[in-house]
Structure formats: C-alpha cells, structure tokens
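# Report on the structure
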Amino acid sequence: MAPDNALDALLHENRKFPPPAALSAAANAQPDIYDRAAEDRLQFWADMAQRLDWTEPWDQVLDWQLPYSKWFVGGKLNASVNCLDRHVAAGRGDRVAFHWVGDGERDQRDLTYADLHREVCKAANALTELGVQAGDRVAIYMPMIPETVVAMLACARIGAPHTVVFCGFSAEALRGRILDCDCRVVITVDGQYRRGAPTPVKAAVDEALLECPDVRHTLVVRRTGGDVDWDGGRDVWWHDVVDRQSDQHQAEAFDSEHPLY
C-alpha cells in the first residue's frame with residue numbers, strides 16, 4: 001500500500017499537459033464553443049447538426065414539452081452513413097478509420113473507411129438475410145475486435161437498435177439484458193483471448209438463451225477456434241453468412257429520434 005503522503009500528493013496534482021498547437025488549431029471545438037452555446041443554444045446545435053449528412057432536413061431543432069424532448073423534429077438520417085459513406089464519398093476512403101490492437105498486441109489490423117464500409121455493408125446484408133428488420137433489437141456480446149465495430153454499424157445501417165453487453169458478464173446478466181430489450185438476434189464469438197489464453201464465450205450465450213425463446217439466431221465470429229456447442233436451427237457462423245454477401249448496401253434514412261442503441 002502506498003504511504004499516506006504519496007496519496008496526498010496525488011490529490012494535489014496540478015500539472016497541465018496542453019495539446020500540440022497544430023492539433024488545437026485543427027480541432028473542431030475551439031475556445032469560444034461554450035460562449036457560442038450559451039448565447040443561442042438552439043442555433044449552436046443547429047450548426048453542429050449541419051456537420052452531418054441529412055436525407056431530410058429537420059423542421060424544428062427542439063420540441064421540448066417537459067419532461068419530454070424531441071430533437072431535430074422531422075429530420076431523417078442514418079448514423080452508419082455519417083460514420084462511413086460520407087467520408088468515402090469525400091475521398092477519404094483510404095484513410096485509416098481505426099487502428100486495432102488485439103490482446104497482448106499479438107494481433108494488429110488497420111481498417112480504412114473503405115474497408116470498414118465494405119464490411120459493414122456485408123454485415124448489414126447478412127442481418128437482413130437473417131430476418132432482422134428496422135426496430136428489431138440485437139444484442140452484441142463480444143470482445144473488442146473489429147467485427148464488434150462492424151456489427152454495431154451494421155445494426156445502425158438497417159435501423160436495428162443494438163445493446164452492447166460486456167463480454168465478461170455472466171450468462172444471467174446477459175439473459176436479463178436480452179429479455180429487457182426483447183432481442184431477436186445475438187452476435188457473439190466462440191471465445192476470446194485473455195492474456196494470450198483462449199477463454200470460451202459462446203457457452204455463456206448458450207446458457208442465457210435457455211430462457212430467451214424469442215431469439216431467432218446467434219451470429220458467431222470464429223475468434224479462437226475452440227470447440228463450441230452448436231444449435232443448427234439457431235446458430236450461424238459469421239464467415240458463412242457475412243463473407244458471401246455483397247459489399248454494396250443502400251442504407252435507409254431514419255427519423256432523428258429513432259433509437260440507435
């Protein structure tokens with residue numbers, strides 16, 4: 001245990017680490033952002049929203065009837081399109097969308113906006129093939145791997161609200177979340193790596209689904225290659241259904257208040 005004086009020193013930490021000047025100059029948020037928001041909050045958020053691509057513009061920035069509020073009333077857009085398509089269309093497809101480093105830095109992978117767009121379109125087509133429609137809920141019980149991001153954006157693309165459940169949660173915790181959300185599909189993995197050692201994951205899903213009769217499919221990413229129990233009427237491998245899909249998908253625009261997750 002650290003001595004008391006060491007802990008006391010941490011409570012009085014006052015060093016500052018300012019960002020590089022070039023980074024600050026290029027940032028979207030400049031020092032006047034708080035003043036702008038305070039001066040006219042509705043115009044501020046209207047200006048922020050203009051940074052996105054809207055299929056249909058909004059009629060009203062905020063409809064606030066306490067205790068309920070509705071933002072950008074009448075507007076329609078797609079979150080996945082704003083994360084991917086607009087950047088590819090703007091010529092940024094070859095730029096890295098995110099750099100992934102796996103467990104213990106054993107695995108590394110760069111995904112450009114174009115790469116991610118292709119994979120998300122394929123996953124969206126796969127979910128559609130599995131019968132997922134706008135408004136259906138999808139549970140994502142996965143470690144931090146590229147397919148997790150793909151799954152989230154694919155759900156957004158087809159208007160299926162998703163719930164991300166921490167992959168270390170128990171079968172009981174997963175079951176409760178599936179039932180609370182009335183999920184119809186679960187996306188998961190066969191297993192995950194912890195400190196380099198494979199650990200089973202799908203077994204917890206199988207246990208949870210014993211009391212979730214409305215789940216139609218479990219979409220499983222092969223991560224570790226470990227043995228798993230298999231329900232041929234419910235379980236499908238990611239590589240079997242996603243990899244063969246078209247990498248083109250026409251996203252639908254949804255109401256600004258449509259649930260994302």
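Here's what I pulled together on the structure shown here. Since the structure is predicted, the reported quantities are computational estimates derived from the model, not experimental observations. (Residues numbered from 1 in each chain as written. Predicted model: local features only at pLDDT ≥ 70, side-chain atom pairs only at ≥ 80, totals over all residues. Heavy atoms only, no water.)

## Some thoughts on the overall build of the protein
The condition that has to hold: Secondary structure follows DSSP: runs of H or I at least 4 residues long count as helices, runs of E at least 2 residues long count as strands, and numbering of each begins at the N terminus. Only protein chains enter the accessibility calculation, which uses a 1.4 Å probe; a residue is then buried when its area is under 20% of its type maximum, exposed when over 50%, and partly exposed in between. By the convention used here, residues are in contact when the closest approach between their heavy atoms is within 4.5 Å. Shrake-Rupley sampling with a 1.4 Å probe provides the accessible areas, and residues are treated as covered by the protein chains on show and by no other component. His is not counted, nor are the chain ends, whereas Lys and Arg count as positive and Asp and Glu as negative. Charge placement uses NZ in Lys and CZ in Arg. For Asp and Glu, CG and CD serve respectively.
Across its full length, the protein holds ten helices and 13 strands. By its C-alpha atoms, the protein is 60 × 60 × 45 Å across when sized along the principal axes. Taking all 261 residues of the protein together, the buried fraction comes to 38%. Here the contacts in the protein between residues at least 6 apart in sequence split such that 65% fall between residues at least 24 apart. With an accessible surface of roughly 15,600 Å², the protein has 52% of that area assigned to carbon and sulfur atoms. Each charge class in the protein was averaged separately, 27 positive and 41 negative side chains, and the resulting centres sit 2 Å apart.

## Notes on the sheet that holds strand β11 (residues 217-221)
Spelled out, the test is: At least two DSSP bridges between two strands are needed for those strands to be called paired. Axis geometry follows a simple rule: fit a line to the C-alpha atoms, using only the stretch in contact for helices, then measure angles between N-to-C directions, giving values from 0 to 180 degrees.
Spatially, β7-β6-β8-β11-β12 is the arrangement adopted by the five strands of the open sheet, whose pairing is parallel. The open sheet terminates on both sides in strands that have one partner only, identified here as β7 (162-164) and β12 (235-237). Strand after strand, the sheet turns through a mean of 20° between neighbouring axes, direction not considered. Direction of pairing for strand β8 (residues 183-189) relative to β11: parallel, over a ladder of five bridges. Directly across from T188, in β11, lies its bridge partner V220.

## Overview of the layout of surface pockets
In this approach a probe as big as a water molecule rolls over the atoms, and the regions it shows empty are the leftover space. Selection rule: Definitions used throughout: a 1 Å grid over protein atoms alone; a cavity as a set of points that fits a 1.4 Å probe which cannot get out; a pocket as an open set with protein on both sides within 12 Å along at least five of seven lines; a lining residue as one with an atom within 4 Å of a point. Grid points are joined across faces, edges and corners, and a volume is the space filled by probe spheres set on the points. Any residue outside Ala, Val, Leu, Ile, Met, Phe, Trp, Tyr, Cys, Pro, Asp, Glu, Lys and Arg is labelled polar, Gly included; the first ten of those are nonpolar and the last four are charged.
Taken as a whole, the largest pocket holds about 340 Å³ of empty space. The wall of the largest pocket is formed by 21 residues, among which M142, P143, M144, I145 and Q192 lie closest to the centre. For the lining of the largest pocket, the elements supplying multiple residues, two or more each, are β4 (96-101), α7 (146-158) and β9 (191-194). In terms of residue class, the lining of the largest pocket is built from 14 nonpolar, four polar and three charged.

## A closer look at the side chain of H249
The condition that has to hold: Distance and chemistry together define a polar contact, namely a pair of N or O atoms within 3.5 Å, with one atom able to donate a hydrogen and the other to accept it when in protein, and with adjacent residues in sequence counting only for side-chain atoms on both sides.
Tracing the sequence through the fold places H249 in the loop between α10 (238-241) and β13 (254-255). Engagement of the side chain of H249 in a polar contact is seen with the side chain of R157, the distance being 3.1 Å. With residues up to four places along the chain from it excluded, the contact list for H249 reads C121, A124, N125, R157 and I158.

## Description of the packing of aromatic side chains
For clarity, the cut-off: Whether two aromatic rings pair depends on their centres lying within 6.5 Å, for rings of Phe, Tyr and Trp, where Trp uses its six-membered ring; planes under 30 degrees apart make the pair stacked, over 60 edge-to-face, and the rest tilted. Only when the NZ of Lys or the CZ of Arg is both within 6 Å of the ring centre and within 35 degrees of the ring normal is a charge said to sit over the ring.
Counted according to the given criterion, the structure contains seven aromatic pairs. Between F44 and W45, the aromatic rings sit 5.0 Å apart at their centres with planes inclined by 80°, giving edge-to-face as the arrangement. Residue F44 is classed as buried on the basis of its relative accessible area of 7%. Members of the aromatic cluster, connected to one another through ring pairs, are W54, W58, W71 and F72. Geometry around W237 places R222 over its ring, the cationic atom sitting 4.5 Å from the centre.

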